[in-house]
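Notes for the structure review
The chain contents come next:
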Amino acid sequence: MSDIIYLFGPNLDRLGTRDPAVYGSATLADLGVGCIDAARGHGLSAEVLQSNREADLVEAVHAAVKRNRAIVINPGALTHYSYSLADALAIFSGPKIEVHLSNVFAREPWRHVSVVAPVVDGTIVGLGALGLTLATEAVAALLEGN
Ligand code: DQA
């Protein structure tokens, strides 16, 4: 149980070595610490989950209905085609923010489509780790009803 769950999708466990020119040099562990610190700064508890498996993320969203008050999610490439993840997110009624480290709109055309965007409260792209901090601020405000 925690206020916010930060979910990371496929290949984000490779951050640090994966295409640093696009994703930066921070590892997933670094980002996770930043998420937990950012949440704590708003008086919120947090947990972080990364999986390369779509089903794990769908099930984490299902579990979040009872376990968490808000979701911050970087679904990785699942963003662009996972209707099952979009359907799961639609079930979760609390604040939900989608975050992408890179500016997906400046990249290949297939990255310009997000099937989860319609079922989240907002999307932050292209700001690297700062996007997670801003998403945390957004979630904190939404939880307060702002
Ligand atoms: C990403 C963008 C996706 O297109 C890509 O598949 C990722 C990372 C990002 O954070 O910029 O894995 O979600």
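A short tour of the structure in this document, coming up. Every value quoted in this text rests on a predicted model; they were computed, and no experiment measured them. (Residues numbered from 1 in each chain as written. Predicted model: local features only at pLDDT ≥ 70, side-chain atom pairs only at ≥ 80, totals over all residues. Heavy atoms only, no water.)

1. Focus: unusual backbone geometry
Despite not being glycine, N11 shows a phi value in the positive range, around 75 degrees. Structurally, the position occupied by N11 is in the loop between β1 (2-8) and α1 (20-23). By relative accessible area, which is 38% here, N11 ends up partly exposed. (Helix = DSSP H or I, 4+ residues; strand = E, 2+ residues; numbered from the N terminus. Buried < 20%, exposed > 50% of the residue type's maximum accessible area, 1.4 Å probe, protein only.)

2. Regarding helix α2 (residues 28-41)
Compared with an ideal rise of 1.5 Å per residue, which puts 14 residues at 20 Å, α2 spans 20 Å between its outermost C-alpha atoms and is within 8% of the ideal. Looking only at α2, the buried set comprises L28, L31, G32, C35, A38 and A39. Seen from one end, α2 has its buried residues packed into an arc of 130 degrees, which puts them on one side. For α2, the exposed residues lying more than 90 degrees away from the buried face are A29, V33, R40 and G41. (Expected span 1.5 Å × (residues − 1). Arc of directions from axis to C-beta.)

3. Digging into the side chain of H100
Relative to the helices and strands, H100 is located in strand β4 (residues 96-100). According to the relative accessible area criterion, H100 is buried, its value standing at 5%. For H100, the side chain forms a polar contact with the side chain of E98, separated by 2.7 Å. Dropping the residues within four chain positions of it, H100 is found in contact with N74, P75, T79, T123, I124, V125, G126 and L127. (Polar contact = N/O pair within 3.5 Å; in protein donor to acceptor, adjacent residues only side chain to side chain. Contact = heavy atoms within 4.5 Å.)

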